[in-house]
Amino acid sequence: MAAANKLKKINLEIAIEPLTVDVSPRNIEEIIKESDIVLDGTDNLETHFLINDACLKNNLPWIYTAALGSTACCMTIIPHQTPCLRCYMSQPPSPGTLPNCDTVGVLSMTTGTIASLQSAEALRLLAGFEPTNFFLYIDVWHREFETIKIQKRPDCDT
Ligand SMILES: [Zn+2]
C-alpha cells in the first residue's frame, strides 16, 4: 500500500492495484492473470519457482531478480523461447538452508541497482525489443557485472 501511494504521487495517470496477500500456489494464477509481464521482487526461492511455473503455464514473460548482501542477479524468462529458472536451477534448495536477507542483510544499493536493471528490461520487452538473453550477476561492493549464458535444459519442457 505504501508503494502504491508513493507511485500515485509520482504519476497520477497510472492505474495501480495494490494487493496485500501472501503469494501461494492457490492464488498465484489469479494474481498474474491480467498481467502483460511479471516483475519478481520477492525474497525467497520457493516463491521465485512458484512465479516461474505459473508464468510458464500462463505463457507470461517474467523477470526474475534476487538480491543478497552486495550481490544480485536478474534473468528474463520468455516462455517457450528462453531458458527458465528451472533451466538455471532445477529445484530450489530446502527452505532455511541458504543465507537470506534476514540472516546476512542486503544493501539498498544492491536492490536499487537490480530493480533499475529489471525495470529497464521490462520497458524493453513492453516496447517490443528482444529480451536480453543472459543471466546477469552483479556485485555493487566489488563493482562487478557479469553476464552468463544459460542453456535450456534438455529435460525442461518450457
Ligand atoms: Zn526451463
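Above this text sits the structure in question.
Residues numbered from 1 in each chain as written. Predicted model: local features only at pLDDT ≥ 70, side-chain atom pairs only at ≥ 80, totals over all residues.

A. A look at the environment of leucine 123. Looking at where leucine 123 falls in the secondary structure, it is placed in helix 6 (residues 108-126). Along the primary structure leucine 123 and threonine 42 are separated by 81 residues, whereas in three dimensions their C-alpha atoms are 20 Å apart. (Helix = DSSP H or I, 4+ residues; strand = E, 2+ residues; numbered from the N terminus.)

B. Fine view of the environment of leucine 7. Looking at the secondary structure, you find leucine 7 in helix 1 (residues 2-10). Each C-alpha atom of the pair leucine 7 and glutamate 30 lies 23 Å from the other, and the pair is 23 residues apart in sequence. Residues in contact with leucine 7, not counting those within four places in the same chain, are Ile14 and Ile16. (Contact = placed C-beta atoms within 7 Å.)

C. Main features of the nonpolar core. Among the nonpolar cores identified, the biggest contains 22 residues, and Ile51, Cys55, Trp62, Tyr64, Ala72, Cys74 and Ile77 are the most heavily contacted of them. Going through the elements one at a time, helix 3 (45-57), strand 2 (62-68), strand 3 (71-77) and helix 4 (85-88) are the ones with two or more residues in this core. A total of 5 residues in this core trace back to one element, the largest contributor, which is strand 2. The residues touching cysteine 74, leaving out its near neighbours within four places in the chain, are Ile63, Tyr64, Thr65, Ile114, Leu117, Gln118 and Leu136. (Core = buried A, V, L, I, M, F, W, Y, C linked by C-beta atoms within 7 Å. Buried ≥ 20, exposed ≤ 12 C-beta atoms within 10 Å, placed from the backbone.)

D. Helix 3, seen in detail. Between its terminal C-alpha atoms helix 3 stretches 18 Å, which fits the 18 Å expected from 13 residues at 1.5 Å a residue. Residues of helix 3 that are buried: Ile51, Asn52, Ala54, Cys55 and Leu56. Residues of helix 3 that are buried in the fold lie against helix 2 (28-32), strand 1 (38-39), strand 2, strand 3 and helix 4. A positive backbone phi angle near 55° is found at asparagine 59, which sits one or two residues after helix 3. (Expected span 1.5 Å × (residues − 1).)

E. The arrangement of the pairing of strand 2 in detail. The element strand 2 is extensively covered by neighbouring structure, given that 6 of its 7 residues are classed as buried. The pairing of strand 1 with strand 2 spans 2 bridges and is parallel. Counterpart to valine 38 in the pairing with strand 2 is tryptophan 62. Looking at chain direction, strand 2 and strand 3 are connected through 7 bridges and run antiparallel. Pairing of tyrosine 64 across the sheet is with methionine 75, part of strand 3. Once strand 2 ends, the chain turns through 2 residues before running back antiparallel as strand 3, passing glycine 69 with a positive phi of about 60°. (Pairing = 2+ DSSP bridges.)

F. Highlighting unusual backbone geometry. Positive phi, close to 65°, is recorded for histidine 80, a residue that is not glycine. Within the fold, histidine 80 resides in the loop between strand 3 and helix 4. Phi angles above zero are rare outside glycine, and arginine 143 is one such case at about 55°. Inspection of the secondary structure puts arginine 143 in the loop between strand 4 (135-139) and strand 5 (144-148). The exposed category is assigned to arginine 143, around which 8 C-beta atoms lie within 10 Å.

G. Helix 6, seen in detail. Look at helix 6: 27 Å from first C-alpha to last across 19 residues, which is about the 27 Å you get at 1.5 Å a residue. Those residues of helix 6 that fall on the buried side of the exposure criterion are Thr110, Ile114, Gln118 and Glu121. Looking straight down helix 6, one finds its buried side chains confined to an arc of 60°; they lie on one side. Set apart from the buried face of helix 6 by more than 90 degrees, the exposed residues are Ser108, Ser116, Ser119, Ala120, Leu123 and Leu126. (Arc of directions from axis to C-beta.)

H. Up close: the sheet that holds strand 3. Pairing is mixed across the open sheet formed by 5 strands, whose spatial order is 1-2-3-4-5. Bordering the open sheet on either side are strand 1 and strand 5, each of which pairs with just one other strand. Note: strand 4 against strand 5, 5 bridges, orientation antiparallel. Residue pairing across strands places aspartate 139 opposite glutamate 144, the latter belonging to strand 5. Sitting on the sheet, helix 3 is in contact with strand 1, strand 2 and strand 3, with an inclination near 175° to strand 2. (Axes fitted to C-alpha atoms, helices over the stretch in contact; angles between N-to-C directions.)

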